[in-house]
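# Observations on the three-dimensional arrangement
One letter stands for each residue in the lines below.
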Amino acid sequence: MKSPGRVFWPLASLLLLADCSSKRAIEEAFPVVGVQKPIVHDVVKFSLAYNQGAAFSTHFGPYQRWVLIAFALAVLCMLALSYGQITRTGRVGTAGLALVVGGAVGNMLDRLISNRGVVDFIDIGVGSTRFYVFNIADVGVSLGAMLLAFALWRSDRDARRGSASLM
């Protein structure tokens, strides 16, 4: 890939913009936590929630806000150091990296801006059986992690095939 930045920066920026603007719009439209609005019948609902913990509302004690901010910064630093290696896997790896970074920054900004936690609002389920409430940043991180895993697996597989053919 000639210039991975042509894929990385627009995608990471677009995800961050979509995440931050959707969170502010939801906070404005739903001033009360827990009020639900069906979007797609009973399957997809919007409902304002604040998550002070990590994924699935996992808690890490009284200093969890700062622990999670530090963890996000550490992961972002690790990803920055891996940028060259990951972008060599091609557009899929670069897109995955951009989605993970954009999502991580979006959720970290929520933690920095407010002690209420990360704004979540997408509620998926059927009837009383609900998944968890999440946001666009979470979708980006999850999809990006899958793309990264696939790109790194494919790159490793291709490297093993190449070294096997040299023998």
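Residues numbered from 1 in each chain as written. Predicted model: local features only at pLDDT ≥ 70, side-chain atom pairs only at ≥ 80, totals over all residues. Heavy atoms only, no water.

Moving on, we come to the nonpolar core. Counting 14 residues, the largest nonpolar core has Phe8, Leu79, Leu97 and Val101 as the members making the most contacts within it. Only helix 1 (5-29), helix 2 (64-87) and helix 3 (91-113) provide two or more residues apiece to this core. Other than its neighbours up to four places away in sequence, Val101 contacts Phe8, Leu76 and Leu79. Counting residues in each nonpolar core, the second largest holds seven residues, with Phe30, Leu48, Val119 and Ile122 among its members. (Core = buried A, V, L, I, M, F, W, Y, C linked by side-chain atoms within 4.5 Å. Buried < 20%, exposed > 50% of the residue type's maximum accessible area, 1.4 Å probe, protein only. Helix = DSSP H or I, 4+ residues; strand = E, 2+ residues; numbered from the N terminus. Contact = heavy atoms within 4.5 Å.)

Moving on, we come to the environment of Ser22. Examined against the element boundaries, Ser22 turns out to sit in helix 1. By relative accessible area, Ser22 is classed as buried at 14%. C-alpha of Ser22 to C-alpha of Phe60: the two residues are 38 residues apart in sequence and 27 Å apart in space. In this structure, Ser22 is in contact with Phe121 and Ile136, ignoring residues within four places of it in sequence.

Further remarks concern the side chain of Asp120. Tracing the chain through its elements places Asp120 in strand 3 (residues 118-126). For the buried residue Asp120, which engages in no salt bridge, the nearest side chain bearing the opposite charge is Lys23, 6.2 Å off. Beyond its immediate stretch of four places on either side in the chain, Asp120 contacts Ser47, Leu48, Ala49, Asn51, Val133, Phe134, Asn135 and Asp138. (Lys, Arg positive; Asp, Glu negative; His and termini not counted. Salt bridge = Lys/Arg side-chain N within 4 Å of Asp/Glu carboxyl O.)

A volume near 590 Å³ is recorded for the largest pocket. In terms of lining residues, the largest pocket is bounded by 24 residues, among which Ala55, Asn107, Arg111, Asp138 and Val141 are the most central. Listed by contribution, the elements that provide at least two residues to the lining of the largest pocket are helix 2, helix 3, strand 3, strand 4 (129-134) and helix 4 (136-165). It is helix 3 that provides the largest number of residues to the lining of the largest pocket, a total of six residues. (1 Å grid on protein atoms, 1.4 Å probe; cavity = no way out; pocket = protein on both sides within 12 Å on 5 of 7 lines; lining within 4 Å. Points joined across faces, edges and corners; volume = space filled by probe spheres on them.)

It is worth spelling out the pairing of strand 4 at this point. In this structure, strand 3 lies alongside strand 4, joined through four bridges in antiparallel fashion. Note that in strand 4 the partner of Ile122 across the bridge is Phe134. What sits between the antiparallel neighbours strand 3 and strand 4 is a turn of two residues, in which Gly127 has the positive phi angle 60°. (Pairing = 2+ DSSP bridges.)

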